[in-house]
Structure formats: C-alpha cells, structure tokens
Amino acid sequence: MLETERAVALFATANATYAQAMKHLASAIEELDRTELEKSVGKTWDAVLQATNALILARTGVEVEVNPLDDRKTYVALAQLPERDEALKKITRSYSILENTFFTTVLCQKDIEPVSLLIKDIRATADYLREAEALANGG
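Residues numbered from 1 in each chain as written. Predicted model: local features only at pLDDT ≥ 70, side-chain atom pairs only at ≥ 80, totals over all residues. Heavy atoms only, no water.

### Observations concerning unusual backbone geometry
To be explicit about the condition: Segments assigned H or I by DSSP are reported as helices when at least four residues long, segments assigned E as strands when at least two residues long, and all are numbered from the N terminus.
That bond from Glu113 to Pro114 is cis: its omega, -10°, falls within 30 degrees of zero. With respect to the helices, strands and loops of the structure, Pro114 is situated in the loop between helix 4 (86-108) and helix 5 (115-136). Positive phi is not limited to glycine here, since Lys110 has a value of about 60°.

### Some remarks on the environment of Thr101
Note the threshold: Residue contacts are defined here by distance: any two heavy atoms, one from each residue, within 4.5 Å place the two residues in contact.
With respect to the secondary-structure elements, Thr101 resides in helix 4. Along the backbone, Thr101 and Thr125 are 24 residues apart, and their C-alpha atoms lie at a distance of 11 Å. When sequence neighbours within four positions are dropped, the list of residues in contact with Thr101 reads Val106, Leu118 and Asp121.

### Considering the nonpolar core
This is how it is decided: Definition of nonpolar core: a set of buried residues of the types Ala, Val, Leu, Ile, Met, Phe, Trp, Tyr and Cys, connected through side-chain atoms within 4.5 Å. Buried means the residue's accessible area, taken with a 1.4 Å probe over protein chains only, is under 20% of the maximum for its type, while exposed means over 50%, and partly exposed covers the values in between.
Core analysis: the biggest nonpolar cluster contains 36 residues, and Tyr18, Leu55, Ile91 and Ile122 have the highest contact counts within it. Every element with two or more residues in this core is listed here: helix 1 (2-33), helix 2 (37-60), helix 3 (72-79), helix 4 and helix 5. At 11 residues, the largest contribution of residues to this core is made by helix 2. Discounting residues that sit within four places of it in the chain, Leu55 has contacts with Tyr18, Leu78, Leu81, Leu88, Ile91, Ala132, Leu135 and Ala136.

### Quick word on the confidence of the model for the protein chain
Applied cut-off: Confidence scores per residue from the predictor, reported as pLDDT, run from 0 to 100.
Taken over all residues, the pLDDT of the protein chain has a mean of 86, while the share at 70 or more is 96%. Looking at the elements of the protein chain, mean pLDDT is at its lowest for helix 1, recorded as 81, and at its highest for helix 5, recorded as 92.

### Looking at the packing of helix 4 against helix 5
Helices that pack against each other are described as a pair by the angle of their axes relative to one another and the distance between those axes. For clarity, the threshold we go by: Only C-alpha atoms enter the line fits that serve as axes; for helices the fit covers just the stretch in contact. Angles between N-to-C directions range over 0 to 180 degrees. For a crossing to be left-handed, the near helix must be turned anticlockwise from the far one by less than a right angle; the clockwise case is right-handed.
Two elements in contact, helix 4 and helix 5, have axes separated by 11 Å at closest approach and are oriented at 145°. The element helix 4 and its partner helix 5 pack so that their crossing is left-handed. Contacts between helix 4 and helix 5 pair Ala87, Leu88, Lys90, Ile91, Ser94, Tyr95, Leu98, Thr101, Phe102 and Val106 from the former with Leu118, Asp121, Ile122, Thr125, Tyr128, Glu131, Ala132 and Leu135 from the latter.

Take a look at the structure:
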C-alpha cells in the first residue's frame, strides 16, 4: 500500500511540475509578443528543465534539482533512462537540441540570430513539453 501511495504522490508532483512548465512557456510566448526575447528564452529554458525533470521523476521516482544555469544533473539523469526505449532516445536528442539553442547559444553566448528561427523554436517547445508529459504517463 505504501508503494501505491508513493506512486500516486510522484504522479501528482510530476503533473504539477508539467502544469508549471506550461505556465512558464505561456509566459515566454507572452514575452515574445513584447519582444523581450532573452527573457522569453530564459522562461522557455526553465519550462524545458521542469518538464524534463518531471519526466525523470515519473520514470525513476528521483527528483532532480532544477538549476537553469547548470543542467548537468538533468542531462545525466535523462541519459540514464532506459536506452532500449526509442521514444526516450528521441526526447534525449530533442533535449540536447533545445539545450544548445536556448542555454548555450542564447543565454551563454548571447546570440539571438536569426530571431525568426528562435521565435519558431520557442513556440515549438510546447511539443517537447507534451511529449515529455506523455512519456511520463507511460506513453
């Protein structure tokens, strides 16, 4: 019974984290409308980290500390999910692309060009969040 209660609690925590990630992304898209691009990227990156950490929590029962300035723990935990699962391999590749785009290129190197592509990537991040949520729910 205790294991069932723990599973329910983990599921609730993961779902709450996804909800927060979607709010961050919505806020990021709102920032786009006001042309505050770097701020929008920061919120988008935070949403990616939250959704990824919720996936890790749901799959492993281990909560990873979210640190937008150092995502190494998140990446390592994600990479350690079962290698045989093609969907998990795909989302790990997607995470790496988003990390490179949002964290490395924009937040660290301060390179926001081309702006149109960056805006497209921010808007497309909702697909990543939905995919992470589906995988956390057993999809």
